[in-house]
Structure formats: C-alpha cells, structure tokens
Amino acid sequence: MEQVKIFDTTLRDGEQSPGCSMNLKEKIEIARCLEKLKVDVIEAGFAIVSPGDFESVKTISETVKDCTVASLARATVKDIDAAWEAVKGAVDPRIHVFIATSPLHMEYKLRMKPEEVLEQAGKMVAYAKKFCSNIEFSAEDASRSDLDFLSRVVEIAIANGANTINLPDTVGYTTPDEMRHLISYVREHAAGSEKAIFSVHCHNDLGMATANSLAGVLGGARQIECTINGLGERAGNTALEEVVMALHTRPDTYGGVTTGIDTTQIYRASKTVYNIIGQTAPLNKAIIGKNAFAHEAGIHQHGVLANKKTYEIMTPEAVGIVANSLVLGKHSGRHAFSQHIEELGYTLTKEEIDRCFEEFKDVCDKKKNITDADLEAIITHHAAHLIQEADENGYSLDWFQTSTSNFTTATCTISLIKNEEKFQAVALGDGPIDAAFNAIDTIIQPSEHTFDIFSINSISEGKDTLGDVTVKISSHNKTFTGRGLSTDIIEASVNAYLTAMNKLAAFEAKNQEAE
Ligand code: KIV
Ligand code: ZN
C-alpha cells in the first residue's frame, strides 16, 4: 500500500499563530507526542529567527529518535547555515529551503526578477545539499504562481538535489480542483519530477485546507504538511487529525493510500497541544471536539444502538477517545489508579504517577465521582505544571482567603512561597478573582504586560466539576500561558495566573543572562 508522509509543522507554522508561542520544555513535550503519533517529519522550527528558536530546533533534533527533523530556511546562505547547525545532530536531519515564486511575492516582497529567483533557488538548494542529503524545497505562494515558471523552478531544485518538492497554498486561496491540477501539472512538466516526493502545505483561510490537501494527494502528492488541531498563521494550517482520518476512513476515494500514523494517539496529542497553548477545542471540531462522536437526536441514538455504523463513520476508540464513564473514587488504590491511566494510554514515570495520584486523592475529597475526563485533566495539567515548575522555580500558592458579596468590595489575602520564603499581601478587587490577582501583583510586582485572556471551562458535568482556568498575558512580543485546575475556581485562577507570571519572569531572567 502506498504511503503518504505526514510532515508536522505544529512547532514552526503552528507556533507562528498569535498567542501560541511555546517555551522549550513545551516544545519538547509536543515533539514527544508527535513521535508517539509516528509522524514522518517534525518541522521543529525556523532556526535563524532567534537564539531561542535555534536552541529548540537543536534540542529537538538531539531528542527525537524516530522521525526526520527539519528546520525551515529562506534561500540564503545565513539561513541554511543556521538550519544545518541546528539539525545536524538529528538521526535523520532535513533542511527545508523556501523562496516565493508568485509574481506578487517576487515583485513586492523579494524585489527579485523571476530569473533571479530561479537562479537563487538552484544555488541555495545546491548549497544546502553540501551539508545534508535530505533537502526539501518549497515554492512559497505556489498556488498563485505561473505554472510553467513554477515547473522550471521545481526542475532546477530537483536538478540541484531537492528530494521533496512542496507546493504551498500559502494564503489559503486555492480550491480542491486547482490544487489537484497544480500538483499533477508540475509533476508532468518539471523534468526529473519522478525523483522527488511532492508535498502539499495548505492554509485554511477559506476553510478548505483539508479538502485542498486531499485533492493534492489525488494529484500525486505523497507528503501532507499539517499541524495538530490545525494551528497556524491566520486561520491555520491543515489539521493533522482531519487529513489522517480522511485517508484512513476513505481509502476507496484516495486510491488506497495510507499513513504511518498511530491514530489512537490523535486525541491525546490534540489535548496536549491545547493544554500547552491554553485553548480548548470547539465542541463541534471534527475528530477531536467533544461533540464529534455525540449523538443527541433520538432517531440517531436509536440508530446507533441498533448498529453503530448508522451514524458513525469512524469509532471514537480509533482516535483514542475513551468512554467518559464514572471510573474511580475515594477508595481506589494507587494500583487501580495507575492501571487505569495506562488503559487511557498514558505512559507516566513512577514519580509522575505518585504526584498525579496525590492530586487525584485531593480531587476525590472535593468531588464524588471522578470521570475519565477528570483523570485526563489531572494528568495533562500535571504535565504542564512539571514543565513550568522545572523551568522557573517561581512563586507557588501557599494559601488564600477571599471575602465577597453583592454589596461590598471583594478582598483577598494571599500567601505565596518562593524558595521556601513566604510572602503575604492583601488587596481589593472587582470580584474575588480580581482581588486575588491584585494581591499577587502586590507581591511579585510583575513587569509591564497586557492581560489577554482569562477563561474558565468545566471539565465534566455537575455542580462539583473541576474548573479548568486559562490565563494568557503578553509581554516582549510573546505570550505566556498559565493553566489551573481545581473544583475551586478561585484557586484554579490563582494557579493559572501564577504560572503565566512565573513564565514571564523566567523568560526575562533568561534574557538578562544572555545579555
Ligand atoms: O505557507 C507557506 O508557504 C509556508 C512555507 C514557508 C512552507 O509556511
Ligand atoms: Zn505555511
């Protein structure tokens, strides 16, 4: 069976989306998920962009063992040098060289004549090839390029050693028919095209990224570039979970091609990424949304009970979603707990199990019925907490007390701990959460930032549900995300706020060190 390679760019194009910047530990956590998913290529970043980007591409290259690791590079010597330095420690490194080929981009962005672009593409692919045998060439804005010119550029890239040719729909402008034609036209007209794997990279501005990528496969593409949850510039990139499940569900339509993805890891990877960027999936999001497998209408429920296939084209288990059943309670022991976590598909170290078990017992004291959704929230929050904790050694909550009513101003007294020292403050606020945040600010005196997002979501049904709080703040052109989880939403909010603030402080400390 022919395989379509899955090239994941969550850590590069995905991270470029507003509010989705990640720190090194978070990127490594995502790279581990991608390895478990068995993606073929991880685009770990754009090494030249900043020392931080360089460091993360390098670290991921040295960490990942089972996937190709790529760095993006413009078609310049400096970019390619940085990309190679960053990926050369990988088991299978790839340099991804790109240059724009549409009239609009060549004239206004590059200020280069088509013949100069042609020459630069050839020269820079040859330059990259001196370092690395695995070279991908991308013709940025391919979908708005002249097809004959594009074919010439591709021909030159292949002649100089590119083994993968990517034809992106950079601005999400194309349609499925056009994408299929684009790929098959260039494959037919560029000499040597049989030596390269053709790839699609679609943006979702018109909501057609998945359809366009699949159409590219019909045109002969054998690599799809995509991101977990469809993260990416503007309206995002093709969602990995959508193209993979489309190919798995409809082999009849896509010529029987398959992917090497372990689809049972999709849901966990999606959760991990949402958790790290501080977002939750829209309820109706394809494949991984809460309602994607829910059957509300009576007639549908009746059909599903009689035969699942009446309304289910794929099973929730196929993407790693387990039934949201009542599972464990106050009297469950550590053994039952760790066994259940394994059944949910998580592999934790002994230390992680111990800490999650402690957290689980705490939640049991406050909440009678613990569901799989609660357990997953505990595990993913714990992972995020470890990432943060290892990073900053910052402030943590000791205790707080709030007082609020509908006829007085709310107050909060709070005690924080940092390096075993205690700090206390009291503050007023417009409600107990505002008062708590003001009290925290009094202690930590954060540097200038904007407060972008504060959201509270419930993990499961019922009044005693766990509250999942996200706080996003921005400073230094970066976003810092904190998450908190508790049946008490003020406690969850305080923890989320402290996490975001600790991340900001750690970032500033690191930058000061570098200076
Ligand atoms: O959208 C795009 O064209 C890209 C390329 C740099 C591959 O991200
Ligand atoms: Zn892109």
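Residues numbered from 1 in each chain as written. Chains lettered and ligands numbered in written order. Predicted model: local features only at pLDDT ≥ 70, side-chain atom pairs only at ≥ 80, totals over all residues. Heavy atoms only, no water.

S.K.: Would you explain the overall build of the protein in this entry?
M.R.: Along its length, the protein carries 17 helices and 16 strands. For the protein, the C-alpha radius of gyration of 25 Å lies close to 24 Å, the compact-globule estimate for 515 residues. On the principal axes, the C-alpha backbone points of the protein span a range of 75 × 65 × 45 Å. The buried share of the protein, reckoned over its 515 residues, is 53%. Sequence separation of at least 24 residues holds for 66% of the intrachain contacts in the protein that already meet a minimum separation of 6. With the model as given, the accessible surface of the protein reaches about 23,000 Å², and the carbon-plus-sulfur share is 51%. One finds the centroid of the 49 positive side-chain charges in the protein at a distance of 3 Å from the centroid of its 73 negative side-chain charges. (Helix = DSSP H or I, 4+ residues; strand = E, 2+ residues; numbered from the N terminus. Rg over C-alpha atoms; globule rule 2.2 N^0.38 Å. Buried < 20%, exposed > 50% of the residue type's maximum accessible area, 1.4 Å probe, protein only. Contact = heavy atoms within 4.5 Å. Areas by Shrake-Rupley, 256 points an atom, 1.4 Å probe, with all protein chains shown as cover. Lys, Arg positive; Asp, Glu negative; His and termini not counted. Charge placed at Lys NZ, Arg CZ, Asp CG, Glu CD.)

S.K.: Would you mind showing me how to read the side chain of R222 here?
M.R.: Tracing the backbone shows R222 in the loop between α9 (209–218) and β8 (223–226). Here E2 takes part through its side chain, which lies 2.8 Å from a polar atom of the side chain of R222. Beyond its immediate stretch of four places on either side in the chain, R222 contacts E2, Q3, V4, K5, I197, F198, V217 and V257. (Polar contact = N/O pair within 3.5 Å; in protein donor to acceptor, adjacent residues only side chain to side chain.)

S.K.: Help me out: how do you make sense of the domain arrangement of the protein in this one?
M.R.: For an interface, size is often stated in terms of accessible area lost upon the parts coming together. What the domain assignment reports for the protein is domain 1 (5–277), domain 2 (291–320), domain 3 (322–383) and domain 4 (396–514). The centre of domain 1, based on its C-alpha atoms, is set 34 Å off from the matching centre of domain 2. Each partner contributes to the interface: domain 1 provides 7 residues, whereas domain 2 provides 6 residues. Across the domain 1 to domain 2 interface the summed buried area is about 510 Å²; carbon plus sulfur atoms make up 63%. At the surface where domain 1 touches domain 2, the tally comes to 3 residue pairs in polar contact (both at pLDDT 80 or more). Where the side of domain 1 that touches domain 2 is concerned, the elements lending two or more residues are α10 (240–249) and α11 (266–277). The dominant element in the side of domain 1 that touches domain 2, judged by the number of residues it contributes, is α11, at 3 residues. Its residues assigned to classes, the side of domain 1 that touches domain 2 shows 3 nonpolar, 3 polar and 1 charged. (Domains from an automatic or database assignment. Buried area = accessible area lost by both parts, 1.4 Å probe. Nonpolar A, V, L, I, M, F, W, Y, C, P; charged D, E, K, R; others polar.)

S.K.: Just to check I follow, could you spell out the pattern of salt bridges for this structure?
M.R.: Oppositely charged side chains can pair when the atoms bearing their charge come close. Inspection of the entire model under this criterion finds 24 salt bridges. Here E55 makes a salt bridge to K510, at a shortest N to O gap of 3.4 Å. Taken together, the residues E55 in helix α3 (residues 51–63) and K510 in helix α17 (residues 489–514) connect sequence positions 455 residues apart. In this structure K510 comes out as partly exposed when scored by relative accessible area, which is 45%. Beyond isolated ion pairs, a larger network of salt bridges with shared partners links R12, D13 and E43. (Salt bridge = Lys/Arg side-chain N within 4 Å of Asp/Glu carboxyl O.)

S.K.: Would you mind going over the environment of Y346 with me for this structure?
M.R.: When you line up the elements, Y346 lands in the loop between α13 (334–343) and α14 (350–366). Sequence separation of Y346 and A159 is 187 residues, and the distance between their C-alpha atoms is 46 Å. Those residues in contact with Y346, other than ones at most four positions away along the chain, are R268, I341, E376, I379 and T380.

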